[in-house]
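Read off the chains here:
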Amino acid sequence: MNHKISKRSFIKRCAALSAGALCLPGDELLIEEQSAFRKEAMFQEETARGIMCRICPNECVLKEGELSKCNNRKVIKSKLYTLAYGNPCSVNVDPVEKKPLYHFLPGTRAFSIATAGCNLVCLNCQNWTISQTSPDKTRNYSLMPGKVISECIAKECKSIAYTYSEPVTFYEYAFDTAVLAKQAGIRNIFKSNGYIYPEPLKKLCGVIDAANIDLKAFSESTYLRLSGGKLQPVLDSLRIYRDMGVWLEITNLIVPEWTDNFGEIKRMCGWLAENGFSKVPLHFSRFYPTYKLEQLPPTTVDTLNKAAQIARDEGLLYVYTGNVPGNELSDTKCPGCGSMMVVRQGYRIAANNLSAGKCSKCGRIIEGVWS
Ligand code: SF4
């Protein structure tokens, strides 16, 4: 393979590497024209007003040349195309704990990819430089699905994570990659906002092994003001993931003045407990000032701990706090006898006392995918 690269691509490559991207060999940093990464979109429908995308509840109806809300789909010659097929802007090897997934293959590595684009517009987005833009404005790799698999194997990762921005919007790329991964015995992880319609989600669940879904708030009005989306479709998605046998964990980011209302947190946890999610790990995540909410303070540790107590009181069995280095609520205890099962230090597993997925003291099953 000729690994000579042009001056332009060399500069792009250096810029990407200085931004912390993973080093891939040879010509993998994008040198092709953007059009090389178009693929006809799945779940499109012709309507009198234009071509409708049926992937997410935004239901974009687009005319010739119009760009979608998620910034990575366009109608070209009367067909809807994804513009983000095989050109991720972020490629990294992460501990699976970073997704966060605490009950899924602990201590393993996830080959993590993202393209530009998102179907929500969260004021607090940590990844807004890639989520709120289009693939022609990011520095991208050329990484078709087959190449993702070979890189994943070369980097000794047990899974591929579709993450960082919003994988719902690079559905075709994620789906095709996940199919190949499954054939190769590699697990697939979706880190998503859950803002997707049931039909594409059910198809996806056939190839996805684990998901961490953001439940951003528990009121329709907060959802709309904070993220530009609706709550109900996310709740519907949670049920589908669970019912289709995908290992599920949920993240709730507590944003001061927005989602730190304990009454709302109690209602959310009550709903989760009453609707069959009591064994689904819930991660309360700490907010740090960012993007359009830079003026707010970080979430206090007290608030996170109080939220965790509310969740436990409502009957949720596995409750964690995240983004809080040194906080003890990152360990897994047996809900039966209280023995310490998995001890985490940051993203590192310091001790794993599970015995074939069960408590080594009392024998109770600890829900998860442990190997
Ligand atoms: S996935 Fe993108 S194009 Fe499709 S409906 Fe959602 S925002 Fe619109």
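As shown above, the structure is provided for reference.
Below you will find a few notes about this structure. (Residues numbered from 1 in each chain as written. Predicted model: local features only at pLDDT ≥ 70, side-chain atom pairs only at ≥ 80, totals over all residues. Heavy atoms only, no water.)

Note the cis peptide between Lys-99 and Pro-100, where omega equals -5°. Locating Pro-100 in the fold gives a position in the loop between β7 (90-95) and β8 (109-114). You will see that Phe-43, though not glycine, has its phi angle at about 60°, which is positive. Turning to its location among the elements, Phe-43 is positioned in the loop between β1 (39-40) and β2 (44-47). We classify Phe-43 as buried; its relative accessible area is 18%. Positioned with a positive phi, Lys-77 is a non-glycine residue whose angle comes to about 50°. Mapped onto the secondary structure, Lys-77 falls in the loop between β5 (73-76) and β6 (79-82). (Helix = DSSP H or I, 4+ residues; strand = E, 2+ residues; numbered from the N terminus. Buried < 20%, exposed > 50% of the residue type's maximum accessible area, 1.4 Å probe, protein only.)

The next thing to look at is the packing of helix α8 (residues 262-274) against helix α9 (residues 301-313). Between α8 and α9, the shortest axis-to-axis distance is 9 Å and the interhelical angle comes to 35°. In the crossing of α8 with α9, the sense of the turn from one axis to the other is right-handed. For the pair formed by α8 and α9, the contact residues are Phe-262, Ile-265, Lys-266 and Cys-269 on the first element and Thr-303, Lys-306, Ala-307, Ile-310 and Ala-311 on the second. Of the residues that constitute the contact of α8 with α9, the class distribution is six nonpolar, one polar and two charged. (Axes fitted to C-alpha atoms, helices over the stretch in contact; angles between N-to-C directions. Left-handed = near helix turned anticlockwise from the far one by under 90°. Contact = heavy atoms within 4.5 Å. Nonpolar A, V, L, I, M, F, W, Y, C, P; charged D, E, K, R; others polar.)

Reading across from one edge, β1-β6-β5 is the order of the three strands in this open sheet, with antiparallel pairing throughout. Since the sheet does not close on itself, it has two edges, and those belong to β1 and β5, each with one partner. Pairing between β1 and β6: two bridges, direction antiparallel. Within β6, the residue paired with Glu-40 across the bridge is Tyr-81. (Pairing = 2+ DSSP bridges.)

This part is about the site of the ligand. In the vicinity of the ligand, the residues found are Cys-53, Ile-55, Cys-56, Asn-58, Glu-59, Cys-60, Ser-68, Lys-69, Cys-70, Arg-73 and Asn-119. When atoms are counted within 2 Å of each cavity's grid points, the one that captures over half of the ligand is the largest cavity. Considering only residue class, the shell around the ligand consists of five nonpolar, three polar and three charged. (Near = heavy atom within 4 Å. 1 Å grid on protein atoms, 1.4 Å probe; cavity = no way out; pocket = protein on both sides within 12 Å on 5 of 7 lines; lining within 4 Å. Sits in = over half its atoms within 2 Å of the grid points.)

Looking at the secondary structure, you find Pro-167 in the loop between β9 (159-162) and α4 (171-183). When its relative accessible area of 0% is taken as the criterion, Pro-167 is described as buried. Not counting residues within four places of it along the chain, the set of residues in contact with Pro-167 comprises Tyr-162, Phe-190, Lys-191 and Ser-192.

Here the structure, examined in full by the defined rule, presents three cavities of 30 Å³ or more. If you add up the space inside the largest cavity, you get close to 120 Å³. Considering the residues around the largest cavity, the lining is formed by 15 residues, among which Cys-53, Cys-56, Cys-60, Cys-70 and Arg-73 are closest to the centre. Looking at side-chain class alone, the lining of the largest cavity contains eight nonpolar, four polar and three charged residues. (Points joined across faces, edges and corners; volume = space filled by probe spheres on them.)

One way to see where empty space is left: roll a probe the size of a water molecule over the atoms. Considering only enclosed or pocket space, the second largest pocket measures out at about 330 Å³ in volume. In this structure, the second largest pocket is lined by 14 residues; those nearest its centre are Arg-312, Leu-317, Val-319, Asp-331 and Lys-333. Here the lining of the second largest pocket is composed, by residue class, of nine nonpolar, one polar and four charged.

Attention shifts here to the packing of aromatic side chains. Scanning all chains against the criterion turns up nine aromatic pairs. For the pair Trp-128 and Tyr-291, a centre-to-centre distance of 4.9 Å together with 15° between the ring planes defines the contact as stacked. Taken together, the positions of Trp-128 in helix α2 (residues 128-131) and Tyr-291 in the loop between β13 (282-286) and α9 put the pair 163 residues apart, joining distant regions of the chain. Judged by relative accessible area, which is 21%, Tyr-291 ranks as partly exposed. Judged by centre distance (5.6 Å) and plane angle (20°), the ring pair of Trp-271 and Phe-277 falls under stacked. The same class applies to Trp-271 as to Phe-277, namely buried. Grouped by ring-pair contacts, the aromatic residues Phe-43, Tyr-171 and Phe-175 constitute a single cluster. (Phe/Tyr/Trp six-rings, centres within 6.5 Å; stacked < 30°, edge-to-face > 60°.)

On their own, these measurements won't tell you what the molecule is for.
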